[in-house]
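# Tertiary structure, described
Residue-level listing of the chains:
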Amino acid sequence: MLWMKWKMGVDSLRGRRRRLPCSLWFLLLFAAGGLLLFIHQRDLSEMVQQQYPGVKLGSTPRQSRETLSTQERERGKSDNYQDHQATEVIISSPIPPMQFPHFEKGKQTAAPGSREQSRQTPTPVSREQDISSLHVSKRHRKLLKTSPPVHHNSKSDSSPSSSSSSSSLSASLSSSSVVPPSASGSFTPDKWKKLVSIQEARRQLMKEMCAKYKSSISKTITGHHVRNLFVEDKYKLLYCQVPKAGCSNWKRTLMVLAGKAPNAQSIKHDTVHDGHHLKELNSFDRKGIMHRLETYTKVIFVREPLEKMVSAYRDKFENPNNYYHSMFGKPIISKYRVNPSLEALKTGNGVTFKEFVQYLLDVHRPVGMDIHWDQANQLCNPCLIDYDFIGKFENMDEESNFLLRLIGAPPNVKLPNFKDRNPADKRTSTQITEKYFSQVSTLERQRIYDFYYTDYLMFNYTKPFKDLY
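Described in the following lines is the structure provided in the data block. The numbering scheme is per chain: residues are counted from 1 as the chain's sequence reads. For this predicted model, a pLDDT threshold of at least 70 governs which residues receive local features, and a threshold of 80 or more governs which side-chain atom pairs are given and counted, while totals over whole chains, interfaces and linings are taken from all residues. Note that the side-chain values use all heavy atoms of the structure and ignore hydrogens as well as water.

### Here we look at the nonpolar core
Looking at soluble globular proteins, one finds that nonpolar side chains tend to be buried together. To form a nonpolar core, buried Ala, Val, Leu, Ile, Met, Phe, Trp, Tyr and Cys residues must be joined to one another through side-chain atoms within 4.5 Å. For every residue, the accessible area (1.4 Å probe, protein chains only) is compared with the maximum for its type, and the residue is labelled buried under 20%, exposed over 50%, or partly exposed between those bounds. Counting residues in hydrophobic clusters, the biggest one holds 66 residues, and the most contacted among them are Leu-293, Phe-353, Tyr-359 and Trp-373. In this description, contact between two residues means that some pair of their heavy atoms is separated by no more than 4.5 Å. The contacts of Phe-353, once residues within four sequence positions are left out, are Met-309, Val-310, Tyr-313, Tyr-436, Phe-437, Gln-439 and Val-440. Counting residues in each nonpolar core, the second largest holds 31 residues, with Leu-237, Leu-254, Ala-261 and Leu-406 among its members.

Rendered as C-alpha cells:
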C-alpha cells in the first residue's frame, strides 16, 4: 500500500516535470535572449564611443548607421586635413623644390621628394632589383607622401659616419653666418646665408626621409657601401660619384686639389676614369675607412633622375661605345626587339629608348644594372653615410664654388663646366627629356618614375609629368 502511494506520487511529479518546462523553457529563452542583446548593445555602444567620441546609438538601427556614416565622413575629412598638414611640414623647408624650369610649365606643389640624380669604369652591377623597387602602389605613395616626419635622437640613431661631429664642414655650415674672407669675392653675405640655409634644409630632409623609410637598414658600413667614394686627403674630402651629374669634372677637380694636375682643363677623360690617380675609400682597411667617414667632408652631387637616365642612354647607346653596345646592347635587342636583324644581334648597335626602358623595368633583366642608370641612393647610401654637402647638378656652378670655398680650396680652383664626352651633342635638358619620354607609354613613364621614386623623395625633386600619381 505504501509502495503504491509512493509510486503514484513519483508519477505525478514526473507528469508535472513534463508539463512545466514548456512555459518555463520559453521564459528562460526569452530572458537569455534579452540579456545577450543587452550585453551586445552595451559593448557596441562602448566601442563606438571609443572610436567615434560623441556618437550615441540611436533608438533604431537605421539611425545608428546614419549617424556613424556621418561621423566617418567627418573623420575622413579630418584625416585628410592632417595628412595635408603633414605633407606641408615636409615641404615647407627652405629648399626650392627645383631651382630650374620644371617639366611642367605651370608652378606645381612639390612632393616631399624632388627631381634632381656610376662609376665611369663600365662594370655592370650584377645585383637584380627587387620587384618592389619597380612598382609603388597608390596606397604606398600616399603613405610616403603623408606620413609625418620622424625625428630620431641624434645620439642613438645617427649612423657610424656621423657619430663624431660629422666632419668640420657640418660645424662650419651651422655657424657660417659670415662670408669667409677667401670667398668674399664670390658671394655676398645674403647669398652665402641662403646657400648655407639650403644645405641645412637638404640634410634635414634627408634625415627625415631616412628615418621614415630606411630606419630598418643595418648600420654596419662595409666596403660595398663606400665603393663609389673617392678620397682627397689634403683637403679631407670624400666625394661620392653619381655619373651624369658632373662626375668627370669633379674627379678632375679632386686631382687638381691633390696636386696631380695644374688645372682641370688639361686632364683628359680617359685619364680621369682609367688612370687610377684617385684613391677609392674601399681601398683602405676598416679603421682607415671609418676614420675618414668620421672626420672628412662627405659630398654628393645629384641630378633630376629621369634627366640623368636619358643622359646615360644618349651617351652609352646613341654614340659609338663598343663596351656598352656589346655588353648591354646585344642582350637588350635580343630580348625586346621583334625580328631583330643579324647585324643588330651581332653588334648591339641601335638600342631604342623604348627598348632601354623595357630593359630597365624588367625584373628578369637579360643583363644586370649599371652605375650610369642606377639610383643615386643605391650608389651613395645617404641613409648610412651622413653627407655634409648635398649638391645639385642643376645649380652646379654656384654650389660647387660654394663648396670649394667652404673647404678652403685656393681661389683659382673652380669646377670646370665643359662637356668632354660627345661634345657635339646638346646637353640633356628638360625639353630633350620630354621628347624621349614621349616615345613610351603612360604606364611605362609611371613605372620609370616609380623606379626612381626614392631619389625624388630624398633629393627633393618634383614630379616630372603632370599625369603621374
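### Regarding the state of the cysteines
What counts as a disulfide here is a pair of cysteine sulfur atoms lying within 2.5 Å. Within this structure, the stated rule accounts for 2 disulfides. With a sulfur-sulfur separation of 2.0 Å, Cys-210 is cross-linked through a disulfide to Cys-383. Here the disulfide of Cys-210 and Cys-383 is left-handed, its torsion about the S-S bond being about -80°. Here Cys-210, found in helix H6 (residues 189-213), pairs with Cys-383, found in the loop between helix H14 (376-380) and strand S5 (389-392); they are 173 residues apart in sequence, far enough to count as distant. Given a relative accessible area of 10%, Cys-210 falls into the buried group. With its sulfur 2.0 Å from that of its partner, Cys-240 forms a disulfide with Cys-380. The disulfide joining Cys-240 to Cys-380 has a torsion of about -95° about its S-S bond and is therefore left-handed. We count a stretch as a helix when DSSP gives it H or I for four or more residues in a row; a strand needs E for two or more, and each element gets its number in order from the N terminus.

### Focus: the packing of helix H13 (residues 353-361) against helix H17 (residues 442-451)
Axes here mean lines fitted to C-alpha atoms, for a helix over just the part in contact, with angles spanning 0 to 180 degrees between N-to-C directions. Where H13 meets H17, the axes come as close as 10 Å, and the angle between the chain directions of the two elements is 50°. Comparing the axis directions of H13 and H17 gives the class oblique. As for how H13 packs across H17, the hand of that crossing is left-handed. The segment H13 lies against H17, with Lys-354, Val-357, Gln-358, Leu-360 and Leu-361 engaging Glu-444, Arg-447, Ile-448 and Phe-451. Residues were grouped as follows: Ala, Val, Leu, Ile, Met, Phe, Trp, Tyr, Cys and Pro as nonpolar; Asp, Glu, Lys and Arg as charged; and all remaining residues, including Gly, as polar. Here the residues of the contact of H13 with H17 are counted per class, giving 5 nonpolar, 1 polar and 3 charged. By the definition adopted for this analysis, an angle is roughly parallel if under 35 degrees, roughly antiparallel if over 145, roughly perpendicular if from 65 to 115, and oblique otherwise. Handedness of a crossing is defined here by the sense of rotation of the near helix relative to the far one, left-handed for an anticlockwise turn of less than a right angle and right-handed for a clockwise turn.

### Here's the deal with unusual backbone geometry
Among all residues except glycine, the phi angle is most often negative; among peptide bonds, the trans geometry is most common. The phi dihedral of Lys-236 falls on the positive side, at around 50°, and the residue is not glycine. Note on placement: Lys-236 falls in the loop between strand S1 (229-232) and strand S2 (237-240). Here Lys-236 falls in the partly exposed class, since its relative accessible area comes to 42%. Although it is not a glycine, Asn-381 sits at a positive phi angle of roughly 50°. In this structure, Asn-381 sits in the loop between H14 and S5. Assessed through its relative accessible area of 15%, Asn-381 is described here as buried.

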